[in-house]
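These are the residues of each chain, in order.
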Amino acid sequence: MFVFPLYLSYSYLLICYAGVHLASAAVGKNIFLLSGQSNMSGRGGVVNSTWDGYIPPESSPNPAILRLTANLTWVPAAEPLHRDIDIAKVCGVGPGMAFANYLLRKNPSIGVVGLVPCAIGGTNISEWVRGGYLYKQMMRRAAAAVAGGGTIRGLLWYQGESDTLTLEDAEAYKNRLRRFFFDVREDLHLPVLPIVQVALASESGPYTNVVREAQLEMKLANLKTVDAMGLSLQQPENLHLTTPSQVSLGKMLTKAFLQVCHYYHLCRYEATLH
C-alpha cells in the first residue's frame, strides 16, 4: 500500500448521525479540487431537471470524506457534492465520492479526504482563465481548504464540452488548457501538483474530436488523462454520464492519480492498482 510522506496526522472527526452535526473538522486533510463543467459537477440520475435521489454504495457517505461547502466550511461529504456550487442546474451524482471512497479502499491509512467542489456546468475553458471569476473562485476555495490544515494532493478536471461548438474554440483548446494547468500550479505554489483530466465522453458539438485530440495528446509532467468515451450517457440528451458511469469514472480517476503518484515518486506506494 502507499502512504503520503507528509501531513499524516489524523484529525478528530465527530459525526453524530440522527441528530447530527460535525463537532470537529479534520486537520491534515488530503485535499482534492474538483473542477470543470457539468460532468464533474455531476448529473448522474438527473432527468428532465429532476434528480432521482439514488446514491450507489460506491458513492455513499464515509466519515473520512469531507466536503468544502459554498460558505467555506467542512462538512461530511454526500452527493450531490456540487449542490451549493453549481446552483444554476440540478445536480446529481458525480465522480467525486466514488473517487474518494475508492482511494480510501486502496489505503484506509491515508486519513481524511477533503473534496473541494468547484465545477460549473456549461462553462468554456476561456471562462477559467487566470483572473476570471471561476478561476478566482477556485483559488479562493483552495486557500480556504488548506487554511484549517491539510495539503492539496491533486486536481481532478473534466471540462471541454462547451468548447466543441465552434472551430475557433476547439482549435484554441489545447493552448488554453495547457495555460490553465500551468497557472493553477503556479498560483497554488505546487509545481508538481498531480492533475487527472478526463477526455470527453459525449459528442456535444461538431468539433468534439478536435477537443478530444487536444486532451489525449496533452503531455505534461504529473498529468494523467483518462478517457470517458464509451461510458454510458443519460438519455435522451446523450450528454451527461449516468450514475453507474460516474462510479466507473471515479475509480478511473483514483487509479490514474495513484499511477501519477507512483511514477513521479510523489508518495510511497505499495498498493495494487487493480
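Residues numbered from 1 in each chain as written. Predicted model: local features only at pLDDT ≥ 70, side-chain atom pairs only at ≥ 80, totals over all residues. Heavy atoms only, no water.

Some words on the sheet that holds strand S9 (residues 223-227)
Logical step 1: Judged by pairing direction, the sheet is mixed, and its seven strands sit side by side in the order S5-S4-S6-S1-S7-S8-S9 without closing on themselves. One side of each edge strand has no neighbouring strand; the edge strands of this open sheet are strand S5 (74-76) and S9. In this sheet, adjacent strand axes meet at a mean angle of 25 degrees when their direction is disregarded.
Logical step 2: Pairing of strand S8 (residues 195-199) with S9 involves five bridges; the strand directions are parallel. Among the inter-strand pairings, alanine 199 is bridged to a residue of S9, identified as aspartate 227.
Logical step 3: Together, strand S7 (150-158), S8 and S9 form the strand contacts of helix H4 (residues 167-187), whose direction differs from that of S7 by roughly 170 degrees. (Pairing = 2+ DSSP bridges. Helix = DSSP H or I, 4+ residues; strand = E, 2+ residues; numbered from the N terminus. Axes fitted to C-alpha atoms, helices over the stretch in contact; angles between N-to-C directions. Contact = heavy atoms within 4.5 Å.)

Topic: the packing of aromatic side chains
Logical step 1: Applying the stated criterion across every chain yields a total of nine aromatic pairs.
Logical step 2: Between phenylalanine 180 and phenylalanine 181, the aromatic rings sit 5.8 Å apart at their centres with planes inclined by 50 degrees, giving tilted as the arrangement. Of the two residues, phenylalanine 180 and phenylalanine 181, neither departs from the other in class, the shared state being buried.
Logical step 3: The structure contains a cluster of three or more aromatic residues connected by ring pairs, namely Trp128, Tyr135, Trp157, Phe180 and Phe181. (Phe/Tyr/Trp six-rings, centres within 6.5 Å; stacked < 30°, edge-to-face > 60°. Buried < 20%, exposed > 50% of the residue type's maximum accessible area, 1.4 Å probe, protein only.)

Considerations on unusual backbone geometry
Logical step 1: Cis geometry marks the peptide bond from glutamate 79 to proline 80, where omega comes out at -5 degrees.
Logical step 2: Note on placement: proline 80 falls in the loop between S5 and helix H2 (96-106).
Logical step 3: With omega at 10 degrees, the peptide bond leading from glutamine 235 into proline 236 counts as cis.
Logical step 4: Of note, proline 236 is situated in the loop between S9 and helix H6 (243-263).

Focus on the layout of surface pockets
Logical step 1: As a volume, the largest pocket reaches approximately 370 Å³.
Logical step 2: As for the largest pocket, its lining consists of 22 residues, and the residues nearest its centre are Arg43, Lys89, Glu237, Leu239 and His240.
Logical step 3: Here the lining of the largest pocket is composed, by residue class, of seven nonpolar, 11 polar and four charged. (1 Å grid on protein atoms, 1.4 Å probe; cavity = no way out; pocket = protein on both sides within 12 Å on 5 of 7 lines; lining within 4 Å. Points joined across faces, edges and corners; volume = space filled by probe spheres on them. Nonpolar A, V, L, I, M, F, W, Y, C, P; charged D, E, K, R; others polar.)

Points about the environment of alanine 201
Logical step 1: For alanine 201, the location among the structural elements is in the loop between S8 and helix H5 (208-216).
Logical step 2: The class of alanine 201 is buried, set by a relative accessible area of 5%.
Logical step 3: Between the alpha carbons of alanine 201 and asparagine 39 there is a distance of 9.4 Å; along the sequence they are 162 residues apart.
Logical step 4: When residues no more than four places from it in sequence are discounted, the contact partners of alanine 201 are Tyr158, Ala228, Met229, Leu233 and Leu241.

A word on the packing of helix H3 (residues 133-147) against H4
In a pair of packed helices, the angle between the axes and the distance between the axes together describe the arrangement.
Logical step 1: Between H3 and H4, whose axes approach to 11 Å, the crossing angle comes to 35 degrees. Read as a crossing pair, H3 and H4 show a hand that is right-handed. Contact residues: H3 offers Tyr135, Met138 and Met139, while H4 offers Phe180, Asp183, Val184 and Asp187.
Logical step 2: Tallied by class, the residues present in the contact of H3 with H4 amount to five nonpolar, no polar and two charged. (Left-handed = near helix turned anticlockwise from the far one by under 90°.)

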